[in-house]
Amino acid sequence: MALHTHICRALLIALVGFFSAQRQVRATCNVSSSATLTENFSKTTNYDPDNSSVSGWSSSSGQVSLNGRGGEFSLALGENYTGVIYAMTGGDYNLDSRCLDDFVMLSRNASGACKLLFGRNKGGTTHEGFEVSSTTLASLDSAICDRNAAPVLLTGRLNNDSFPDVVLMYTSDAQGAGSLSTKVFINDANAGSGQSSGTCSSDLGDSAFKQPPEPTFSAQSDSLTYPSSVYTHWASDYAVLKDWDGDGYDDILVLSGSNTVNLLKLFITKISSGAFNGVESGQTVISDVDVYTPIANGSNDATSLDGACISADSSGSYSRGPSLLLTGDFDGDGDNDIIVGSVSQAGLKYFRNDGGLMGPFVQQADIAFSVGGAAHGAVADFDLDGDLDFVVMRDDENCYGGTTTNNIYLFRNQGGGDSFAQEILYTGLGDTNHMLSGHLYQADGSGAIDVYMGINSGYSVLLKNGLQSKVANKVGVAQSTNILAAVKETFGVVSMTISSFTRKTPVGTSVALYLTNNGGRSWEEVSAVGLYSLPYTHAFKSHGMDLRFKVVLRTTDGKVTPTVYDIAGTYQYTGAFQYSRSKLTTGTVTVNKKSTELLFEASYTYPDYVGSLKAYDLSGMPVGASINSLNSINSKGVLKATWDA
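All residue numbers here refer to positions counted from 1 along the written sequence of the relevant chain. Per-residue local features are limited, in this predicted model, to residues with pLDDT of at least 70; the limit for side-chain atom pairs, both in listing and counting, is 80 or more; totals at the level of whole chains, interfaces and linings are taken over all residues. Side-chain figures throughout are based on the complete set of non-hydrogen atoms in the structure, without hydrogens or water.

> I would appreciate a short explanation of the overall build of the protein chain in the present structure.
Strands here mean DSSP runs of E at least two residues long; helices mean DSSP runs of H or I at least four residues long; both are numbered from the N terminus. Along the protein chain, the regular secondary structure elements total three helices and 44 strands. Split into buried and exposed, the 645 residues of the protein chain put 51% on the buried side. Contacts are residue-level and defined by heavy atoms, with any inter-residue pair within 4.5 Å sufficient. Across the protein chain, every contact between residues at least 6 apart in sequence was considered, and the portion connecting residues at least 24 apart equals 62%. Areas reported here follow the Shrake-Rupley algorithm with a probe of radius 1.4 Å; residue values treat only the protein chains shown as occluding. On the protein chain, roughly 27100 Å² of surface is accessible, and the fraction owed to carbon and sulfur atoms is 49%. Buried residues are those whose accessible area, probed at 1.4 Å on protein chains only, stays under 20% of the maximum for their type, while exposed residues exceed 50% and partly exposed ones sit between those limits.

> I'm lost on the state of the cysteines in this one. Help?
Among covalent bonds in proteins, the disulfide is the one between the sulfur atoms of two cysteines. Criterion for a disulfide: a pair of cysteine sulfur atoms within 2.5 Å. Summed over the entire model, instances satisfying the criterion amount to one disulfide. Disulfide pairing places C114 opposite C145 at an S-S distance of 2.0 Å. One quick way to see it: the torsion about the S-S bond of C114 and C145 is about 75°, and its sign makes the bridge right-handed. Highlighted residues: C114 in strand β11 (residues 114-121) and C145 in the loop between β12 (130-140) and β13 (152-156), separated in sequence by 31 residues. Neither residue differs from the other here; C114 and C145 are each classed as buried.

> Where do I start with the pattern of salt bridges in this structure?
Side chains that differ in sign of charge can pair as their charged atoms come close. Here, a salt bridge means any side-chain nitrogen of Lys or Arg that lies within 4 Å of a carboxyl oxygen of Asp or Glu. Here the structure, examined in full by the defined rule, presents eight salt bridges. The partner of E131 in a salt bridge is R120, and the shortest N-O contact between them spans 3.4 Å. With E131 in strand β12 and R120 in strand β11, this pair connects stretches of sequence that are eleven residues apart. With a shortest N-O distance of 2.9 Å, D366 and K349 are connected by a salt bridge. With D366 in the loop between β26 (359-363) and β27 (376-380) and K349 in strand β25 (residues 349-356), the pair connects residues that are 17 residues apart, well separated along the chain. Residue classification places D366 among the partly exposed positions, given a relative accessible area of 39%. On the basis of relative accessible area, K349 is assigned to the buried category, the value being 8%. In this structure, a network of salt bridges that share partners links the residues D290, K349 and D366.

> Sorry if this is basic, but what is going on with the sheet that holds strand β28 (residues 389-393) here?
Where strands meet in a sheet, backbone hydrogen bonds hold them as pairs that are either parallel or antiparallel. Whether two strands pair depends on DSSP finding at least two bridges between them. The sheet built from four strands is open, its strands ordered β27-β28-β29-β30 with antiparallel pairing. Edge positions in the sheet fall to β27 and β30 (420-426), since each of these pairs with one other strand and no more. When strand polarity is set aside, the average angle formed by the axes of neighbouring strands in this sheet is 20°. Sheet analysis places strand β29 (residues 408-413) next to β30, joined by six bridges and oriented antiparallel. Directly across from R412, in β30, lies its bridge partner A421. Angles here are taken between N-to-C directions and fall from 0 to 180 degrees, while the axes themselves are lines fitted to C-alpha atoms, restricted in helices to the stretch in contact.

> Looking at this structure, I do not really get the sheet that holds strand β34 (residues 475-479). What am I missing?
Strand order in the open sheet formed by four strands is β34-β39-β36-β37, and the pairing between neighbours is antiparallel. Only two strands of the sheet have a single partner each, and these edge strands are β34 and β37 (524-525). The pairing of strand β36 (residues 509-516) with strand β39 (residues 548-555) spans eight bridges and is antiparallel. What sits directly across from Y514, in β39, is K550.

> What exactly am I supposed to notice about the packing of aromatic side chains here?
Aromatic rings considered in pairs are described by the distance between their centres and by the relative angle of their planes. Any pair of Phe, Tyr and Trp rings, taking the six-membered ring for Trp, is counted once the centres come within 6.5 Å. Such a pair is stacked with planes under 30 degrees apart, edge-to-face with planes over 60 apart, and tilted for the rest. Summed over the entire model, instances satisfying the criterion amount to 16 aromatic pairs. An angle of 85° between the planes, with centres 6.4 Å apart, marks the rings of F330 and Y350 as edge-to-face. In this pair, F330 sits in the loop between β23 (324-328) and β24 (337-341) while Y350 sits in strand β25, placing the two residues 20 residues apart along the sequence. Arranged with centres 4.7 Å apart and planes meeting at 10°, the rings of F390 and F411 form a pair that is stacked. In this pair, F390 sits in strand β28 while F411 sits in strand β29, placing the two residues 21 residues apart along the sequence. This pair shows no difference in class: F390 is buried, exactly as F411 is. Members of the aromatic cluster, connected to one another through ring pairs, are F330, Y350, F369, F390, Y409, F411 and F420. Put simply, a charge is over a ring when the Lys NZ or the Arg CZ is close to the ring centre, within 6 Å, and near the line of the ring normal, within 35 degrees. The ring of Y532 is capped by R503, whose NZ or CZ atom sits 4.6 Å from the centre of that ring. Sitting above the plane of the Y514 ring, K550 keeps its charged end 5.4 Å from the centroid.

> It is not clear to me how the side chain of T232 should be interpreted in this structure. Could you clarify?
Within the secondary structure, T232 is located in the loop between β16 (217-219) and β17 (239-242). Judged by its relative accessible area of 3%, T232 falls in the buried class. The residues touching T232, leaving out its near neighbours within four places in the chain, are A150, T171, D173, A174, A177, G178, L180 and Y238.

> Any chance you could explain the nonpolar core here in plain terms?
Taken as a class, soluble globular proteins show a tendency for nonpolar side chains to be buried jointly. Residues grouped as a nonpolar core are buried Ala, Val, Leu, Ile, Met, Phe, Trp, Tyr and Cys residues, joined through side-chain atoms within 4.5 Å. One finds M169, Y238, L264 and I338 to be the most contacted residues of the largest nonpolar core, which totals 37 residues. Counting residues per element, this core draws most heavily on strand β18 (residues 251-258), at four residues. Beyond its immediate chain neighbours, meaning those up to four positions away, L264 contacts L253, V254, L255, Q283, T284, V285, I286, V289, L325 and I338.

> I tried to follow the environment of V560 on my own but got confused; where do I start?
By secondary structure assignment, the location of V560 is in the loop between β39 and β40 (563-575). In this structure V560 comes out as partly exposed when scored by relative accessible area, which is 30%. Sequence separation between V560 and S65 is 495 residues; the distance between their C-alpha atoms is 9.7 Å.

> How should the side chain of N67 be read in this particular structure?
Structurally, N67 can be placed in the loop between β6 (64-65) and β7 (72-75). Pairs of N or O atoms are called polar contacts if they sit within 3.5 Å, as long as, within protein, a hydrogen donor faces a hydrogen acceptor (for residues adjacent in sequence, only side-chain-to-side-chain pairs). Here the side chain of N67 touches S53 through a polar contact of 3.2 Å, landing on its backbone oxygen.

> Explain the environment of S111 here, please?
Within the element layout of this structure, S111 appears in the loop between β10 (102-109) and β11. For S111 and G83, which are 28 residues apart along the polypeptide, the C-alpha to C-alpha distance reads 8.6 Å. A distance of 2.8 Å separates a polar atom in the side chain of S111 from a polar atom in the side chain of N109.

> Is there a simple way to think about the confidence of the model for the protein chain in this case?
Atomic detail in the predicted coordinates should be set aside for any region of low pLDDT. For every residue, the predictor reports its confidence as pLDDT, a number between 0 and 100. Averaged over every residue, the pLDDT of the protein chain is 78; the share at 70 or more is 72%. Ignoring residues within four places in sequence, the model shows residues 1-28, a span with pLDDT below 50, making 69 contacts including any to other chains. Note that pLDDT drops below 50 for residues 297-317; the model gives that stretch 55 contacts with residues more than four away or on any other chain.

> Can you walk me through unusual backbone geometry in this structure?
Apart from glycine, the bulk of residues carry a negative phi angle, and the bulk of peptide bonds sit in the trans form. Here L534 and P535 are connected by a cis peptide whose omega angle stands at 0°. Relative to the elements of secondary structure, P535 occurs in the loop between α1 (528-531) and β38 (536-539). Backbone geometry places S229, a non-glycine residue, at a positive phi of 55°. Tracing the sequence through the fold places S229 in the loop between β16 and β17.

> So what exactly am I meant to see when it comes to the environment of D290 here?
With respect to the element layout, D290 can be found in the loop between β22 (283-286) and β23. Considered as a pair, D290 and L263 are 27 residues apart in the sequence and their alpha carbons are 8.5 Å apart. Ignoring sequence-local partners within four residues, the contact set of D290 consists of Q345, K349 and Q363. Within the structure, the side chain of D290 is placed 3.3 Å from the side chain of K349, a separation counted as a polar contact. Among the polar contacts listed, one links the side chain of D290 to the side chain of Q363, at a separation of 2.9 Å.

Below is the structure:
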């Protein structure tokens, strides 16, 4: 390391006088300068991931900017399938090295056969689409492929391998709020050389991609215990798979609406020697989800599935009951909260978890839904701002609002789960009835969550979640670790000279640079004026030898982001001897032929090179007298001086 040494010479300026005379002393100090340090964000040596919230540095991109905002959806390639789609679910069933999600769908083909089919995600930077396998995952009773069966497909982990499994729930009579039946299909984990080894491949196309084997599923025994005494009255997302008890295996939560009862029940998955072994008896998580109950009770029908529907009245005569279940840690406190919707009502019911596994769940004010009639939904951090958002979709036979418009709506979490901002995600989807979300599209490697819809007629639509021009946060931080961690000398950093700070700040954006020499106990902002007239030296006001920087990026309108490309400079430091010292000495001073014995006390400590010099009259003082005694006796006879290097 090349060093430049600057020597500060001592200059003592004495003001004439004796006791109470002021003296200004300039210190002698050795200040050295380091070689130039440069951070251009092309490596992560000094990257502090726990305290940084910008994009670019973690991927060694050579620049940092505010995170790209998700939730800006656009239409991508759809698929044509000869048949009718009744339910869909998503997951990386073959664990390919791209880590992109595939789908499983419940469909009736042209010949009337009811089947579970696998749709492989072909990937690609522009999304090459899905390839529906000719191999049937499971053949099912034809009655299940029917709107009146209200089928729903769920994906989760139900045994001790890594391959996602599938749950199918359905009823024999949705019009009559019939009792639900459950089938579990375990993914048999057909391992192959094309599967992920724990990291995701950057090869997004098929040209050099080795396709792993297709998954196969085994239906579990009907003799196992499955959810019971639960009822549904609509083909919708009335159930979820979620690891509710934290054991690593997903459990079944399902809404139940029949007669005068609307509740949420939990069925914990049982595992035996790593294998699925049914579920435990149901537990009531919420005894009243505050949704109008359907008049149907298994014997009496409510409104016809194909008939005109109106909003629920106070008696619930036209209600379909609860139809949408969303779970997630919306308020960021570490446990799962619950949102419930109904195709027959407007607002979404919101229950915050103020406890643990079973709550208590405290009902909040309804989340406003301007058009009402929620049938399907998905939970994810769609806009990549660190908290959970959700998507809600109506379907073509909706009971609420007197319209069959099948728009999809995004509800952005405004922070802390206190409020959600509704906006239209996509419009004009026809007779869409099935939705899933996941890592379906990977053009930019952002990890954004996409949305996929299956149309009853057999067509499907992918909405890719693009980052586009918006940014997720209006403030972001790029913070370094100790850039002197590898330097072994004992010294104190007294200043830093910034020689380069390359950045772009469009209108409405700003960038601020902060430095610390004490590991972040105190941050000091570098002069904005100084940064426009480089080189600029920032003198620290604190002690320390743990040197870090922090760049704070801001935008006012969320549509543009500032960008920082590099920071470069040298730091100035002193050795331990120059950083702090103190000394006592005695001497005799003669004034007007009168000699006086004095004690001189000198001390010096960085910052600001400010210390003190005091003189005490020892005349008549006993041996062992303290400084306090000297100050008390010599309150008017103390010589004072200050250091100003």
